[in-house]
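So you can see what is in the structure, the chains are spelled out below.
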2 protein chains.
Amino acid sequence: MRVSPEQLAALVAVVDHGTFDAAARHLSVSPSAVSQRIRALESRLGRVVVARSAPCRPTEAGRVLLRLARQQQLLEREALAELHAGEHTAVEVAVAVNADSLATWFARVLDACASWPDVTVRLHVEDQDHSAALLRSGAVLAAVTSDPVAVQGCAVERLGTMRYLPVAAPALARVHGGERGTDWAAMPVVRFNAKDDLQHRLLASRGVTVSPPTHVVPSSEGFVAAVRAGLGWGMVPREQLGDDLATGRLVRLGDAEAVDVPLHWQCWRLRSERLGRVSAAVRAAAAALHR
Amino acid sequence: MRVSPEQLAALVAVVDHGTFDAAARHLSVSPSAVSQRIRALESRLGRVVVARSAPCRPTEAGRVLLRLARQQQLLEREALAELHAGEHTAVEVAVAVNADSLATWFARVLDACASWPDVTVRLHVEDQDHSAALLRSGAVLAAVTSDPVAVQGCAVERLGTMRYLPVAAPALARVHGGERGTDWAAMPVVRFNAKDDLQHRLLASRGVTVSPPTHVVPSSEGFVAAVRAGLGWGMVPREQLGDDLATGRLVRLGDAEAVDVPLHWQCWRLRSERLGRVSAAVRAAAAALHR
């Protein structure tokens, strides 16, 4: 069975742009042409490839085709770019990165990319569960993730560890501190989202069984802003603290340990020069992490 | 038909925690008790309320019940808190906010909340399409959104406008500038996500029909970091620029206009003292926006 490049491109556009109309605009064809290509793909496969929801989502079969399409696309664009060497044809490299990395060391990867006219980056900010799905579907070619288990078809290498410190605004630490140390059961806590268990693991290790007042702020910089505002204590990446500890804007909750979260680079096994370059930039930027 | 509070609580826990097992742990009951309550709810209604997917998701009928549950919860907790006035019982107020607001003026709302021991905040960082769904489902009680159309049951008020300026790193602006002004078709551009059309609207108004090399960075602070790194130009909220224009770290692309995005506060019509206090803090913090 052969699948035509036009059909694959229609599938990619529908998933990327969410609707058949938006996909048609992107491809500069009519919506009915997009619809025909998708239906042709589906009748060849005998399976539905995209759920007509808002936005449209790939089915399991659609995801396999998407991965194929995106990998073919990268290789094809690179080959074309090589043939038109003078023209600096930009090729997109899609990468998933966790929010705390993007807020800290990963910004240096952007510095490197800025000097490459032949690469555009498409970042997905995702937690690790979702990263694996994005790698499997081919929506991203590589991911910064704490997950050390290689997704099938990917190589994985360790980048280092991100060190998180338990910190709070001085006023908050004073109210809930005392001679016997921090009153963990009473001091409000900030959480990134429902999957963020850094704070609650620390509470559990202290034998705290009640849940203290908990605020939820699902943005890396917003999280630090909330901790600085005194909303609650939180585990903050050391690199994100800047000089907050030196200036006394935040204090480290002294009777609790730092937590090291290992980070890995998962990358599709593809002979792509650009992907290799991005990987090298990620490795270089990650040199600032703990080993 | 009466729905028991236990059944509603089971539904809320299953949706909040994603699985029947996690909901059971949260409620300190057995997984089979959770399952029984959900099935009792469904047989009373004659409709499925939660899809047994991973994670579990509410159906249309389930969403109506969730809204009811969350509104009842807020009112009930407030009443209880009033009865136990000395104990500072914290009540959760869930709010949706767009990423650029959280990265700028909304941080001052967190400052206000930090002085209220009786409120915890649960932020959802969402674009406006999703905000409306969150309001309808009752997952949030209020939202900062650019959408001026009130969701049914909500009051809407205008907060002001966020002013976006077209900016770039000086080196990038130099390469793509010249006597005839900016070469918009060639200069790389940074986009927040597929729904962010601020940059492309400007390009369209300039008659640019080809798409320049486009990077995608879906984090408010990451977006500014990418523009500072020289990855591409972008529309950045004026408040987020700090002194970048004064110090020359970024330059304004002089031949393009600023874009004003109006922001609104959509809020459930509920007699909740805490929600009223959050609304007042949002209004005060938004005073820094353009009128």
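Residues numbered from 1 in each chain as written. Chains lettered and ligands numbered in written order. Predicted model: local features only at pLDDT ≥ 70, side-chain atom pairs only at ≥ 80, totals over all residues. Heavy atoms only, no water.

1. Points about the overall build of chain A
A tally of regular secondary structure across chain A gives 12 helices and 11 strands. In chain A, which comprises 291 residues, the proportion classed as buried is 50%. Long-range pairs, those at least 24 residues apart, make up 73% of the contacts in chain A with a sequence separation of at least 6. On chain A, roughly 13300 Å² of surface is accessible, and the fraction owed to carbon and sulfur atoms is 51%. Looking at chain A, you have 33 positive and 30 negative side-chain charges, and the mean spots of the two groups are 4 Å apart. (Helix = DSSP H or I, 4+ residues; strand = E, 2+ residues; numbered from the N terminus. Buried < 20%, exposed > 50% of the residue type's maximum accessible area, 1.4 Å probe, protein only. Contact = heavy atoms within 4.5 Å. Areas by Shrake-Rupley, 256 points an atom, 1.4 Å probe, with all protein chains shown as cover. Lys, Arg positive; Asp, Glu negative; His and termini not counted. Charge placed at Lys NZ, Arg CZ, Asp CG, Glu CD.)

2. Here we look at helix 9 (residues 198-205) of chain A
Residues and elements named next belong to chain A. Within the sequence span of helix 9, burial applies to Leu198, Gln199, Leu202 and Leu203. In an axial view of helix 9, the angular spread of the buried residues amounts to 140 degrees, which keeps them on one side of the axis. Exposed residues pointing more than 90 degrees away from the buried face of helix 9 are listed as Ala204 and Ser205. If you follow the buried residues of helix 9, they end up packed against strand 6 (154-168), strand 7 (189-191), helix 10 (220-229), strand 9 (234-237) and strand 11 (259-268). A positive backbone phi angle near 75 degrees is found at glycine 207, which sits one or two residues after helix 9. (Arc of directions from axis to C-beta.)

3. Topic: the layout of surface pockets
There is about 650 Å³ of room inside the second largest pocket. A:Glu221, A:Arg228, B:Ala103, B:Glu221 and B:Arg228 are, among the 27 residues lining the second largest pocket, the residues nearest its centre. When residues of the lining of the second largest pocket are traced back to their parent elements, those giving at least two are helix 6 (107-113) and helix 10 of chain A together with helix 6 (107-113) and helix 10 (220-229) of chain B. The element contributing the most residues to the lining of the second largest pocket is helix 10 of chain A, with six residues. (1 Å grid on protein atoms, 1.4 Å probe; cavity = no way out; pocket = protein on both sides within 12 Å on 5 of 7 lines; lining within 4 Å. Points joined across faces, edges and corners; volume = space filled by probe spheres on them.)

4. Digging into helix 7 (residues 128-137) of chain B
Within the span of helix 7 of chain B, buried status applies to B:Ser131, B:Ala132, B:Leu134, B:Leu135 and B:Ser137. Where helix 7 of chain B terminates, the next one or two residues include B:Gly138, which has phi positive at roughly 80 degrees.

5. Observations regarding the packing of aromatic side chains
Residue and element names in this part refer to chain A. For the coordinates displayed, the defined rule picks out four aromatic pairs over all chains. Centre to centre, the rings of tryptophan 184 and tryptophan 233 are 4.9 Å apart; their planes meet at 75 degrees, and the pair counts as edge-to-face. Remark: tryptophan 233 occurs in the loop between helix 10 and strand 9 and tryptophan 184 occurs in the loop between helix 8 (170-175) and strand 7; sequence separation between them is 49 residues. When its relative accessible area of 5% is taken as the criterion, tryptophan 184 is described as buried. The residue whose ring lies beneath arginine 277 is tryptophan 116, and the NZ or CZ to ring-centre distance is 5.0 Å. (Phe/Tyr/Trp six-rings, centres within 6.5 Å; stacked < 30°, edge-to-face > 60°. Lys NZ or Arg CZ within 6 Å of the ring centre and 35° of its normal.)

6. So, the pattern of salt bridges
The final tally for this structure, using the stated rule, is 26 salt bridges over all chains. Between B:Asp118 and B:Arg274 there is a salt bridge; the shortest N-O distance is 3.6 Å. In this pair, B:Asp118 is assigned in the loop between helix 6 and strand 4 (119-125) and B:Arg274 in helix 12 (residues 273-285), connecting sequence segments 156 residues apart. Two residues, B:Glu273 and B:Arg277, come together in a salt bridge whose shortest N-O distance is 2.7 Å. You can see B:Glu273 and its partner B:Arg277 sitting in helix 12, four residues apart, about one turn around the helix. Beyond isolated ion pairs, a larger network of salt bridges with shared partners links A:Asp118, A:Glu273, A:Arg274 and A:Arg277. (Salt bridge = Lys/Arg side-chain N within 4 Å of Asp/Glu carboxyl O.)

7. Observations regarding empty space enclosed by the protein
Residue and element names in this part refer to chain B. Applying the stated rule across the entire model yields three cavities of 30 Å³ or more. The volume enclosed by the largest cavity comes to roughly 40 Å³. Lining the largest cavity, in full, are Val95, Phe106, Val109, Leu110, Cys113, Val121, Leu123 and Val278. Looking at the lining of the largest cavity, the element that brings in the most residues is helix 6, giving three residues. For the lining of the largest cavity, the per-class residue count stands at eight nonpolar, no polar and no charged. (Nonpolar A, V, L, I, M, F, W, Y, C, P; charged D, E, K, R; others polar.)

8. Quick word on the interface of chain A and chain B
If you look at the interface, chain A gives 27 residues, while chain B gives 27 residues. Of the roughly 2200 Å² buried between chain A and chain B, counting both surfaces, carbon and sulfur atoms make up 68%. Taken together, the connections running from chain A to chain B amount to zero salt bridges. For the interface between chain A and chain B, the tally reads six residue pairs in polar contact (both at pLDDT 80 or more). A total of seven residues in the side of chain A that touches chain B trace back to one element, the largest contributor, which is strand 4 (residues 119-125) of chain A. Per-class residue counts for the side of chain A that touches chain B are 16 nonpolar, seven polar and four charged. (Buried area = accessible area lost by both parts, 1.4 Å probe. Polar contact = N/O pair within 3.5 Å; in protein donor to acceptor, adjacent residues only side chain to side chain.)

9. Describing the pairing of strand 9 (residues 234-237) of chain B
Residues and elements named next belong to chain B. Neither face of strand 9 is exposed, since Gly234 and Val236 on one face and Met235 and Pro237 on the opposite face are all buried. Bridge count for strand 6 (residues 154-168) against strand 9 is four bridges, and the pairing is antiparallel. By the bridge assignment, leucine 165 is partnered in strand 9 with valine 236. (Pairing = 2+ DSSP bridges.)

10. Quick notes on the nonpolar core
By size, the foremost hydrophobic cluster in this structure holds 62 residues, and its most contacted members are A:Trp105, A:Phe106, A:Leu159, A:Trp184, A:Trp233 and A:Trp265. Among the nonpolar cores identified, the runner-up in size contains 60 residues, and B:Leu74, B:Leu110, B:Leu159 and B:Leu253 belong to it. (Core = buried A, V, L, I, M, F, W, Y, C linked by side-chain atoms within 4.5 Å.)

11. Concerning the packing of helix 1 (residues 5-17) of chain B against helix 2 (residues 20-27) of chain B
Residues and elements named next belong to chain B. Orientation of helix 1 relative to helix 2, taken along the N-to-C sense of each, is 120 degrees, at an axis distance of 8 Å. Of the possible angle classes, the one that applies to helix 1 and helix 2 is oblique. The hand of the helix 1/helix 2 crossing is right-handed. Within the contact between the two elements, helix 1 uses Ala9, Ala10, Ala13, Val14 and His17 and helix 2 uses Phe20, Ala22, Ala23, His26 and Leu27. Here the contact of helix 1 with helix 2 is built from residues that sort into eight nonpolar, two polar and no charged. (Axes fitted to C-alpha atoms, helices over the stretch in contact; angles between N-to-C directions. Parallel < 35°, antiparallel > 145°, perpendicular 65-115°, else oblique. Left-handed = near helix turned anticlockwise from the far one by under 90°.)

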